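Spelled out, the chains give:
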Amino acid sequence: MDKKNADQQPDQSTPASGPAAAPAKEEKSPSGRLGRIFRKGLIWLVILVITFFAGMALDHFLRYKPLSNANAETQTALDQAHQDLSDMQADIDELGRLNQEARETIAQLEADKKALQDEIEATTTHLQLNQVLVDVSNARVALFLDDIEKAKDTLVNTQGRLEQLLPRIAEYDPALAQDMPQRLNLIISGLDRDTETVLIDLELITRDLLDIEEAVFGD
């Protein structure tokens, strides 16, 4: 009987422990729900943070990336403009150098032209002086042959040639430049009156012309 009772006691104690354990489970369940809520909130927070940064990255890509590209293109265009400006300046410098060379060439050509004109003028004047000498010599020969008309014909153009020579003669001797035309007129007017005097005057003019040639055109 005691053994039976003893066997029954554990059976009675087991149900007693069951109701006591139930409240412990009920006490853990609120903290578990709080943990799950916390984990969900943390997940959503992470999602929000990721979404925020993704939005910032997208905003940067959509807003600032085109601006960065545009700025890079602008800088490239600016660099190209600077290069073009540098090339233009180099072209301007080259044109300036060529222009200076052209001016120097033109100046040299002008100097050469002036020298050539002076040479032509000197040669022409020398030829005119020689022609006057030839006229005077031919007139002297005609007078030696007593051909008065031939002497007159020879001296017809001499006065005009002498007039062209007067500026150069004046450089040599201003007084002689004034005297020679008058003497030539006396020679021409005296051909019919006094050939001896005319011959002397022609010889004097010849000497004067040779002196002028030596002084003005002599080497």
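Relevant structure appears above.
Residues numbered from 1 in each chain as written. Predicted model: local features only at pLDDT ≥ 70, side-chain atom pairs only at ≥ 80, totals over all residues. Heavy atoms only, no water.

(A) A look at the packing of helix H3 (residues 158-172) against helix H5 (residues 195-217). At their nearest, the axes of H3 and H5 sit 10 Å apart, and the two run at 75 degrees to each other. On the basis of the axis angle, H3 is roughly perpendicular to H5. Residues Arg168, Ile169 and Tyr172 of H3 form the contact with H5, whose own contacting residues are Asp211, Ile212, Ala215, Val216 and Phe217. In terms of residue class, the contact of H3 with H5 is built from six nonpolar, no polar and two charged. (Axes fitted to C-alpha atoms, helices over the stretch in contact; angles between N-to-C directions. Helix = DSSP H or I, 4+ residues; strand = E, 2+ residues; numbered from the N terminus. Parallel < 35°, antiparallel > 145°, perpendicular 65-115°, else oblique. Contact = heavy atoms within 4.5 Å. Nonpolar A, V, L, I, M, F, W, Y, C, P; charged D, E, K, R; others polar.)

(B) Up close: H5. When the terminal C-alpha atoms of H5 are compared, their 32 Å separation across 23 residues agrees well with the 33 Å that a helix rising 1.5 Å per residue should span. Backbone nitrogen of Glu196 and a side-chain oxygen of the N-cap are separated by 3.3 Å at the start of H5; the cap is Asp194. (Expected span 1.5 Å × (residues − 1). Polar contact = N/O pair within 3.5 Å; in protein donor to acceptor, adjacent residues only side chain to side chain.)

(C) Examining a negative patch on the surface more closely. A cluster of acidic residues, Asp84, Asp87, Asp91 and Asp93, forms a negative patch at the surface. Along the chain, Asp93 falls in helix H1 (residues 2-144). Looking at Asp93, the relative accessible area reads 46%, which means it is partly exposed. (Patch = residues over 30% accessible without salt bridge, like charges linked within 9 Å, V, L, I, M, F, W, Y side chains within 5 Å. Areas by Shrake-Rupley, 256 points an atom, 1.4 Å probe, with all protein chains shown as cover. Salt bridge = Lys/Arg side-chain N within 4 Å of Asp/Glu carboxyl O. Lys, Arg positive; Asp, Glu negative; His and termini not counted. Charge placed at Lys NZ, Arg CZ, Asp CG, Glu CD. Buried < 20%, exposed > 50% of the residue type's maximum accessible area, 1.4 Å probe, protein only.)

(D) Main features of a nonpolar patch on the surface. On the surface, a nonpolar cluster with roughly 890 Å² of combined accessible area is contributed by Phe38, Leu42, Leu45, Val46, Val49, Ile50, Phe52, Phe53 and Met56. Structurally, the position occupied by Met56 is in helix H1. Exposure remark for Met56: the relative accessible area of 43% places this residue in the partly exposed category.

(E) Representation of the side chain of Gln128 in the model. Inspection of the secondary structure assignment puts Gln128 in helix H1. What makes Gln128 buried here is its relative accessible area of 18%. Other than its neighbours up to four places away in sequence, Gln128 contacts Gln164 and Leu165.

(F) Structural context of the nonpolar core. Ranked by internal contacts, the top residues of the largest apolar core, which has 26 residues, are Leu129, Leu143, Ile169, Met180, Leu202 and Leu209. Looking at this core, the elements that each hand over two or more residues are H1, H3, helix H4 (174-189) and H5. The contact partners of Leu129, leaving out residues within four places of it in the chain, are Leu165, Leu209, Ile212, Glu213 and Phe217. (Core = buried A, V, L, I, M, F, W, Y, C linked by side-chain atoms within 4.5 Å.)

(G) Region of the structure containing unusual backbone geometry. The residue Asp146 is not glycine, and still its phi comes out positive at about 60 degrees. Mapped onto the elements of the fold, Asp146 is located in the loop between H1 and helix H2 (148-154). Look at Asp146 and you get exposed, because its relative accessible area is 65%.

(H) Representation of the pattern of salt bridges. For the coordinates displayed, the defined rule picks out nine salt bridges. A salt bridge links Glu171 to Arg168; its shortest N-O distance comes to 3.4 Å. Here Glu171 and its partner Arg168 are both found in helix H3, three residues apart, which amounts to about one turn of the helix. Its relative accessible area of 18% is what places Arg168 among the buried residues. Asp179 is the salt-bridge partner of Arg183, the closest N and O atoms lying 3.1 Å from each other. Separated by four residues within a single helix, Arg183 and Asp179 lie in helix H4, roughly one turn from each other. A relative accessible area of 30% means that Asp179 is categorised as partly exposed.

(I) Fine view of H4. Between its terminal C-alpha atoms H4 stretches 24 Å, which fits the 22 Å expected from 16 residues at 1.5 Å a residue. Among the residues of H4, those classed as buried are Leu176, Ala177, Met180, Pro181, Arg183, Leu184 and Ile187. The inward-facing, buried residues of H4 contact H3 and H5. Its side-chain oxygen at 3.2 Å from the backbone nitrogen of Ala175, Asp173 defines the N-terminal cap of H4.

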